[in-house]
Amino acid sequence: RLLSVLRRRCDIAGKRLSGPGLAAEGRVLRAVLYVYHSRLLRHRPYLALQQVEQCLKRLWKMNLVGSLETLVELIPKKNASEGHAECLVPSQPMLETVALKVLGGCKLILRLLDCCCKAFLLSVKHLCSEEFILLNTVASGLLSRLWFVIQYRCVLETLTSLYGALWTMLHLVSETQQTPYIKGFTFPSDIADFLGVNVSSEAKKQKAKMLTTKKSTSWMKKLFPAMPEAVSKVGKKRKSESCTSAVKNHSIPCPMDIGEAVV
């Protein structure tokens, strides 16, 4: 029963970590940093974006997904162990290695969420100051999406529940035969003690901080003031006239957005 739970949780964690959303946001982030590298070396939102990229890079380099896939291959399938009192289980060194990577991955994701939150607040702050409008607009959207992908896909919660199953299995295997691989480190029974924060409360705190920052409508109105009513009416009149003439003369395409103010 424990093996089937462990297999299922490994599969879920692997799928959520290797999902297209996280990888796509990482590629966009690298592209943005590459484009602005020579121009904004001392710009604070740019430096904060670099910290986010560093966390993502470390998360990929630790190859947690590959370790989970290897562990799943070592767990016997249900039909293979059916009707037998004994079955093969992953060794203690393998379980210790994966458990250590899961602990490190949780720490990295916590750091990544914290960096996303700080970089987002910095981008909005500089955006309100009308500094590097294009970069900060792209960065704020990218960071909010990256934060949302991790939270919506419940990546951190999945890894914490996986660690619970790993620790139980590791405890049982070590009781059967002591073959410790990682020495000088005691695996915590509760991952919350190791992380030092409550995962759900920390996520709610960051979300509240990001939502209570200066609303986007305020700087949007400041940067793109509303058109006077007379100008708006003239624009609408011109637009309708151009469309009417285009309908009469089918060879001329209707210039929907050319020369018109975008609200």
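Residues numbered from 1 in each chain as written. Predicted model: local features only at pLDDT ≥ 70, side-chain atom pairs only at ≥ 80, totals over all residues. Heavy atoms only, no water.

Describing the overall build of the protein chain
Here's step 1: Looking only at helices and strands, the protein chain has 12 helices and 0 strands in total.
Here's step 2: Taken from N to C terminus, the helices and strands of the protein chain fall in the order α-α-α-α-α-α-α-α-α-α-α-α.
Here's step 3: Counting only residues that meet the buried cut, the protein chain has 39% of its 263 residues in that class.
Here's step 4: For the protein chain, contacts bridging at least 24 residues in sequence account for 83% of all contacts bridging at least 6.
Here's step 5: Total accessible area on the protein chain is roughly 16,200 Å²; 58% of this is exposed by carbon and sulfur atoms. (Helix = DSSP H or I, 4+ residues; strand = E, 2+ residues; numbered from the N terminus. Buried < 20%, exposed > 50% of the residue type's maximum accessible area, 1.4 Å probe, protein only. Contact = heavy atoms within 4.5 Å. Areas by Shrake-Rupley, 256 points an atom, 1.4 Å probe, with all protein chains shown as cover.)

Details of the pattern of salt bridges
Here's step 1: Using the criterion set out here, one finds 3 salt bridges in the structure.
Here's step 2: A salt bridge links Asp-114 to Arg-111, with the nearest nitrogen and oxygen atoms 3.9 Å apart. One end of the pair, Asp-114, and the other, Arg-111, are both in helix H6 (residues 92-128), 3 residues apart, so they sit about a helical turn from each other.
Here's step 3: Residues participating in the shared-partner salt-bridge network are Arg-111, Asp-114 and Lys-118. (Salt bridge = Lys/Arg side-chain N within 4 Å of Asp/Glu carboxyl O.)

So, the environment of Trp-147
Here's step 1: As for its position among the elements, Trp-147 is in helix H7 (residues 133-152).
Here's step 2: Separated by 35 residues in the primary sequence, Trp-147 and Leu-112 place their C-alpha atoms 8.5 Å from one another.

Regarding the packing of aromatic side chains
Here's step 1: One pass over the structure, following the stated rule, counts 0 aromatic pairs.
Here's step 2: Its guanidinium or amino end placed over the ring of Phe-194, Lys-107 lies 5.4 Å from that ring's centre, counting from NZ or CZ. (Phe/Tyr/Trp six-rings, centres within 6.5 Å; stacked < 30°, edge-to-face > 60°. Lys NZ or Arg CZ within 6 Å of the ring centre and 35° of its normal.)

Observations regarding the side chain of Thr-160
Here's step 1: Positionally, Thr-160 belongs in helix H8 (residues 155-176).
Here's step 2: The class of Thr-160 is buried, set by a relative accessible area of 19%.
Here's step 3: Among the polar contacts listed, one links the side chain of Thr-160 to the backbone oxygen of Glu-157, at a separation of 2.7 Å. (Polar contact = N/O pair within 3.5 Å; in protein donor to acceptor, adjacent residues only side chain to side chain.)

Here's the deal with the nonpolar core
Here's step 1: The biggest cluster of nonpolar side chains holds 67 residues, and the ones touching the most others in it are Leu-6, Val-52, Val-102, Ile-109, Leu-159, Leu-162 and Leu-166.
Here's step 2: Residue contributions to this core peak at 19 residues, all from H6. (Core = buried A, V, L, I, M, F, W, Y, C linked by side-chain atoms within 4.5 Å.)

Some remarks on a positive patch on the surface
Here's step 1: Among the surface-exposed residues, Arg-27, Arg-30, Lys-57 and Lys-61 lie close enough to one another that they form a single positively charged patch.
Here's step 2: Of all the elements in the fold, those that place two or more residues in the positive patch are helix H2 (20-35) and helix H3 (44-61).
Here's step 3: Mapped onto the secondary structure, Lys-61 falls in helix H3. (Patch = residues over 30% accessible without salt bridge, like charges linked within 9 Å, V, L, I, M, F, W, Y side chains within 5 Å. Lys, Arg positive; Asp, Glu negative; His and termini not counted. Charge placed at Lys NZ, Arg CZ, Asp CG, Glu CD.)

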